[in-house]
Amino acid sequence: MSDSQPQQPFQSPRSGGGGGNSNAAAAEATTLLLTGARLTDGRTVDVRLGGGQIQAVGTAGSLPAPALSRVDLTGYLLLPAPAEPHAHGDTALTADADGPVSYTPDEVQRRATEAALLQLGHGATAVRSHVRIGDVHGLGPMEAVLQARRSLRGLADLTAVAVPRLLTGVAGADGLAMLRDAVKMGASVIGGCPDLDPDPTGFLEAVLELAAEHGCPVDLHTDGDDPGRLARLAAMAGGLRPGVTIGPCGGLARLPLDAAARAADQLAAAGVRVTCLPQGDCAALERRGLRTAPVRLLRAAGVRVAAGSGALRDAGNPVGRGDPLEAAYLLASQGGLRAAEAYESVSGCAREAMGLPEVRVEAGFPAELLAVRGDRIAGVLSLAYSRIVIHRGRVVARTSAVREYCDSAVAVALDLPRQGRTESGT
């Protein structure tokens, strides 16, 4: 099976069973013990999960549990699971399409499901997918993504953002009506791209009014290259609950430093969050710019900055991976963040931007966890191959990488490490 096609979720008697709606309730009632896990503070612990929560964290060997519900995490670093705050499930995996891309509901559902499973394998137990509505496809893509959400229940949490193209003028009347219908269908976030509307301020007014009416969060695409437009957005969005997120804001990095700093201060004062895309832009902005938002400047001003993946092998980025750890790696290697800060941008900050509860490896927090082979954050961001993903207290995805070196005098002399099983005679 190729890398572009995730395998069906495995069923392991040691980790509590396979996926699907029929098993979700039973899985949350299962007690699972994670043994020998390393935490970021250097401790080695056992962690007991049950009812979708972390029940206890204790020193290694201090939390007995039945053998069938035990997962050995020796050699793994245990982290709060990342979340994906900016995906495009309806367009994902279309870069290699032969001919025009199909937007039939069946095809969109297949792509959205496959993309979410790929991202789950990377560790993202929650995904926010921006879905285009209107034009010739109407609400079909939204219906398909919502169906994908239902089919993924128990494996990953998928939420849909309704993304109309126009909302003002005669042409925008249909878009506004369709946006209302999308919310009624089940879209839980209102999005769009004011930059592409002839009246960006009118577009924003329409979105904020509808969001206030339905109590929905707002998540908008913007390049962020117009300081006046950002100032108006901050003035209009301030105080809206449950909140406003914008991204990817690559244009902020092209502004003069003083203008970018003023915009950052205005966004921070209004409580507007920013989602940057270190792996590249997305097709919604038609590749206006490939620079990442000035994350350090935004953070210094007090803006809460999350990092997403954006395009997953579509027109926006034909080689996009949809891997939160790669986004964190890029922020650490090129964005000037420390490794722990970079990982927080794809985990805690991403979950906060998505309105999800905080996760810590402590009793009482949600059992949304990622185990990565390694012992420190910097190391796993560099070589994050083997991963075990836990959603609602059960193992839902596992990736195992094996690295071996051929027999040689050098290998023997240096005692080079080998990952995976060692068979006799090798």
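Scroll up to find the structure this text is about.
Everything numeric in this text was worked out from a predicted model, so none of it was measured.

Thresholds applied
- Residues numbered from 1 in each chain as written.
- Predicted model: local features only at pLDDT ≥ 70, side-chain atom pairs only at ≥ 80, totals over all residues.
- Heavy atoms only, no water.
- Helix = DSSP H or I, 4+ residues; strand = E, 2+ residues; numbered from the N terminus.
- Buried < 20%, exposed > 50% of the residue type's maximum accessible area, 1.4 Å probe, protein only.
- Contact = heavy atoms within 4.5 Å.
- Areas by Shrake-Rupley, 256 points an atom, 1.4 Å probe, with all protein chains shown as cover.
- Pairing = 2+ DSSP bridges.
- Axes fitted to C-alpha atoms, helices over the stretch in contact; angles between N-to-C directions.
- Parallel < 35°, antiparallel > 145°, perpendicular 65-115°, else oblique.
- Left-handed = near helix turned anticlockwise from the far one by under 90°.
- Nonpolar A, V, L, I, M, F, W, Y, C, P; charged D, E, K, R; others polar.
- Disulfide = S-S within 2.5 Å.
- Core = buried A, V, L, I, M, F, W, Y, C linked by side-chain atoms within 4.5 Å.
- Salt bridge = Lys/Arg side-chain N within 4 Å of Asp/Glu carboxyl O.

Draft legend 1. Up close: the overall build of the protein. Tallying secondary structure elements over the protein gives 13 helices and 16 strands in all. Counting only residues that meet the buried cut, the protein has 52% of its 426 residues in that class. Within the protein, residue pairs in contact and separated by at least 24 positions form 72% of the contacts whose partners lie at least 6 positions apart. About 18,300 Å² of surface is accessible on the protein, with carbon and sulfur atoms providing 51% of the total.

Draft legend 2. Geometry of the sheet that holds strand 13 (residues 305-307). If you walk across this open sheet you meet the eight strands as 6-7-8-9-10-11-12-13, and the pairing is parallel. Each edge of the sheet is formed by a strand with only one pairing partner; in this case those strands are strand 6 (84-87) and strand 13. Ignoring which end each strand starts from, the neighbouring axes of this sheet average 25 degrees apart. With three bridges connecting them, strand 9 (residues 189-192) and strand 10 (residues 218-222) associate as parallel partners. Bridge assignment links G192 to a residue of strand 10, and that residue is L220.

Draft legend 3. Focus on the packing of helix 2 (residues 105-122) against helix 3 (residues 140-151). Across the interface, helix 2 lies against helix 3 with an axial gap of 8 Å and an inter-helix angle of 45 degrees. Classed by the angle they form, the pair helix 2 and helix 3 counts as oblique. The chirality of how helix 2 crosses helix 3 is right-handed. Contact residues: P105, V108, Q109, A112 and T113 in helix 2; P141, A144, V145, Q147, A148 and S151 in helix 3. The residue makeup of the contact of helix 2 with helix 3, split by class, is seven nonpolar, four polar and no charged.

Draft legend 4. Structural context of unusual backbone geometry. Going from R241 to P242, the amide bond is cis rather than trans, its omega being 10 degrees. For the bond from G247 to P248, the omega torsion is 0 degrees, close enough to zero to count as cis. Mapped onto the secondary structure, P248 falls in strand 11 (residues 244-248). For D135, which is not glycine, the phi dihedral falls at a positive 55 degrees. Locating D135 in the fold gives a position in the loop between strand 7 (126-132) and helix 3.

Draft legend 5. Region of interest: the state of the cysteines. Applying the stated criterion across every chain yields a total of zero disulfides. With no disulfide partner, C193 has as its closest neighbouring cysteine sulfur the one in C282, 8.3 Å distant. Classification of C193 as buried rests on a relative accessible area of 5%.

Draft legend 6. Molecular detail of the nonpolar core. In this structure, M142, I246, L267 and L298 are the most contacted members of the largest nonpolar core, which totals 82 residues. Top element by residues in this core is helix 5 (residues 200-214). It accounts for seven residues. Not counting the four nearest positions on each side in its chain, I246 is found in contact with L220, T222, L230, L233, L267, V272, R273, V274 and T275. Counting residues in each nonpolar core, the second largest holds 21 residues, with V45, V47, A367 and I388 among its members.

Draft legend 7. Summary view of the environment of L77. Mapped onto the secondary structure, L77 falls in strand 5 (residues 76-80). For L77, a relative accessible area of 0% corresponds to the buried category. Each C-alpha atom, one on L77 and one on R373, is 6.1 Å from the other, the two residues being 296 residues apart in sequence. Non-local contacts of L77, meaning those with residues more than four positions away in its chain, are made with R38, L39, T40, L370, A371, V372, G374, D375, R376, I377 and V380.

Draft legend 8. Highlighting the pattern of salt bridges. The final tally for this structure, using the stated rule, is 19 salt bridges. A salt bridge links R392 to D157; the nearest nitrogen and oxygen atoms lie 2.7 Å apart. Residue R392 is located in the loop between strand 15 (387-391) and strand 16 (394-399), and its partner D157 is located in strand 8 (residues 157-163); the two are separated by 235 residues in the primary sequence. Accessibility expressed as a relative area gives 27% for D157, which makes it partly exposed. R360 is paired through a salt bridge with E358; the nearest N and O atoms lie 2.8 Å apart. Look at the salt bridges and you will find they share partners, linking E107, R110 and E114 into a network.

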